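# Summary of structural features
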Amino acid sequence: MSEAQPLDYFSYFGLPKSFTLDEQQLTDRYYALQKQYHPDGWSQATPEKQTAARQQTAIINQAFHTLKDRLKRASYLLSLYDQTIDEEQSCTDSNFLIEQLALREALEHVCHQASLEALERQIEQLSDAQWQQLASHLLATDWQAARQPLYKLKFFAKLQQQLQQLALHYVSL
């Protein structure tokens, strides 16, 4: 259990550093690593090895959850190329800022299920376009350009969470 920790989550799972990945391969590798390092399998080992197994399991879980989620995976991939995303910083595209305001206002004025569903469709379409842009920039290894669609996608993700909460409200009525 003394193997050196890989430099990144992709290497840890034996995957190429890429936004596009084989999710079944990721899942299969996750289960194999869990089986290898799960603390229950090290219950008869020395305390040091038990601690190491717990640490490996924590890394495995963090890596899996990061790579499984497209938004987290994109952020992580950019961070590997010194393009960290500041959570407090926002998009500098003035058209998008106006669009954000309009979408937030539309969210505030949702008054029935039909308007909620229309807004969900609109956000999904806008989000899909950003996913395509992000994937294109990442495929071209244009790390700097990939930052803008990622900022926009983080905004859409927050907005979609708010819509889901609102949808639960309508379901409970």
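See the structure printed just above.
Residues numbered from 1 in each chain as written. Predicted model: local features only at pLDDT ≥ 70, side-chain atom pairs only at ≥ 80, totals over all residues. Heavy atoms only, no water.

Right, let's talk about the nonpolar core for a bit. Among the nonpolar cores identified, the biggest contains 30 residues, and Phe13, Leu67, Leu134 and Leu138 are the most heavily contacted of them. For this core, the secondary-structure elements that each account for two or more residues are helix 1 (9–12), helix 2 (23–37), helix 3 (47–68), helix 4 (70–80), helix 6 (113–139) and helix 7 (143–172). Residues within four places of Phe13 in sequence aside, it is in contact with Leu26, Arg29, Tyr30, Leu33, Ile60, Ala63, Phe64 and Leu67. Grouped together as the second largest cluster of nonpolar side chains are 12 residues, Phe96, Ile123, Phe155 and Phe156 included. (Core = buried A, V, L, I, M, F, W, Y, C linked by side-chain atoms within 4.5 Å. Buried < 20%, exposed > 50% of the residue type's maximum accessible area, 1.4 Å probe, protein only. Helix = DSSP H or I, 4+ residues; strand = E, 2+ residues; numbered from the N terminus. Contact = heavy atoms within 4.5 Å.)

Glancing now at the packing of helix 5 (residues 94–108) against helix 6. Interhelical geometry of helix 5 versus helix 6 gives an angle of 155° and a closest axis separation of 11 Å. On the basis of their axis angle, the class for helix 5 and helix 6 is roughly antiparallel. Relative to helix 6, helix 5 is oriented so that their crossing is left-handed. Residues Glu99, Leu103, Ala106 and Leu107 of helix 5 touch helix 6, and the partners they reach there are Leu119, Gln122, Ile123 and Leu126. Of the residues contributing to the contact of helix 5 with helix 6, the split by class is 6 nonpolar, 1 polar and 1 charged. (Axes fitted to C-alpha atoms, helices over the stretch in contact; angles between N-to-C directions. Parallel < 35°, antiparallel > 145°, perpendicular 65-115°, else oblique. Left-handed = near helix turned anticlockwise from the far one by under 90°. Nonpolar A, V, L, I, M, F, W, Y, C, P; charged D, E, K, R; others polar.)

A word on the packing of aromatic side chains. Within the structure shown, the criterion is met by 10 aromatic pairs. Arranged with centres 6.0 Å apart and planes meeting at 35°, the rings of Phe10 and Tyr76 form a pair that is tilted. With Phe10 in helix 1 and Tyr76 in helix 4, this residue pair connects regions lying 66 residues apart in the sequence. In textbook terms, an aromatic cluster arises when at least three aromatic residues are bridged by ring pairs, as seen for Tyr9, Phe10 and Tyr76. (Phe/Tyr/Trp six-rings, centres within 6.5 Å; stacked < 30°, edge-to-face > 60°.)

To continue, consider helix 2. Because an α-helix packs 3.6 residues into every turn, residues spaced three or four apart end up facing the same way. If you check helix 2, its first and last C-alpha atoms are 21 Å apart, about what 15 residues at 1.5 Å a residue would give, namely 21 Å. Looking at helix 2, one finds that the buried residues are Leu26, Thr27, Tyr30, Leu33, Gln34 and Tyr37. Mapping the buried residues of helix 2 onto a view down its axis gives an arc of 130°, with all of them on the same face. Opposite the packed face of helix 2, turned more than 90 degrees from it, sit the exposed residues Tyr31 and Lys35. For helix 2, the capping residue at the N-terminal end is Asp22, with a side-chain oxygen 3.0 Å from the backbone nitrogen of Gln24. (Expected span 1.5 Å × (residues − 1). Arc of directions from axis to C-beta. Polar contact = N/O pair within 3.5 Å; in protein donor to acceptor, adjacent residues only side chain to side chain.)

What follows deals with the environment of Tyr31. By secondary structure assignment, the location of Tyr31 is in helix 2. Accessibility expressed as a relative area gives 53% for Tyr31, which makes it exposed. The spacing of Tyr31 and Ala145 is 114 residues in sequence and 34 Å in space, taken between C-alpha atoms.

Once that is clear, we can look at the pattern of salt bridges. As enumerated under the stated definition, the model contains 3 salt bridges in all. In this structure, the salt-bridge partner of Lys17 is Asp8, at a minimum N-O distance of 3.4 Å. Taking relative accessible area as the criterion, Asp8 reaches 4% and is therefore assigned buried. Through salt bridges with shared partners, a single ionic network connects Glu23, Lys68 and Arg73. (Salt bridge = Lys/Arg side-chain N within 4 Å of Asp/Glu carboxyl O.)

Keep in mind these numbers describe shape, not what the thing actually does.
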